[in-house]
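Here is what each chain is made of, one letter per residue.
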Amino acid sequence: MSETNDQRIYDRCIIRVGQLEAENVKLRELCKELLDLCYDAYNQEWGWDDEWALAYEMAKKLGVDDG
């Protein structure tokens, strides 16, 4: 492969990584909103339980901000 071709491949990879990072941010925001909405609805009926604790812990591991 030529240096020019290698550079093009590298540039495309960098662009794609940026796209994926931006998509990840949107998915984290969506996850947080859904968890908050579900928690509010669930908590009004039955209260907090281990399943919600697990869901929030999993979301935090994915980088979802709980604040």
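Here, every reference points to the structure presented above.
Residues numbered from 1 in each chain as written. Predicted model: local features only at pLDDT ≥ 70, side-chain atom pairs only at ≥ 80, totals over all residues. Heavy atoms only, no water.

S.K.: Help me understand the overall build of the protein, please; the structure alone is not making it clear to me.
M.R.: Helix and strand counts for the protein stand at two helices and zero strands. For the protein, the proportion of its 67 residues judged to be buried stands at 10%. As displayed, the protein offers around 5,700 Å² of accessible surface, 57% of which is attributable to carbon and sulfur atoms. (Helix = DSSP H or I, 4+ residues; strand = E, 2+ residues; numbered from the N terminus. Buried < 20%, exposed > 50% of the residue type's maximum accessible area, 1.4 Å probe, protein only. Areas by Shrake-Rupley, 256 points an atom, 1.4 Å probe, with all protein chains shown as cover.)

S.K.: Please explain the nonpolar core as it appears in this structure.
M.R.: Note that soluble globular proteins tend to have their nonpolar side chains buried in a common cluster. In this structure, Leu35, Trp52, Tyr56, Ala59 and Val64 together form the largest nonpolar core, which totals five residues. The element contributing the most residues to this core is helix α2 (residues 50-61), with three residues. (Core = buried A, V, L, I, M, F, W, Y, C linked by side-chain atoms within 4.5 Å.)

S.K.: Looking at this structure, how should I read the pattern of salt bridges?
M.R.: For side chains of opposite charge, pairing can occur when their charged atoms come near one another. Inspection of every chain in the model, using the stated rule, returns one salt bridge. Put simply, Asp36 and Lys32 hold a salt bridge, and the shortest N to O gap is 2.6 Å. Placement of both Asp36 and Lys32 in helix α1 (residues 3-45) is noted, with a separation of four residues, approximately one turn of the helix. You can call Asp36 partly exposed: its relative accessible area is 22%. (Salt bridge = Lys/Arg side-chain N within 4 Å of Asp/Glu carboxyl O.)

In short, shape yes, function no, at least from these values alone.
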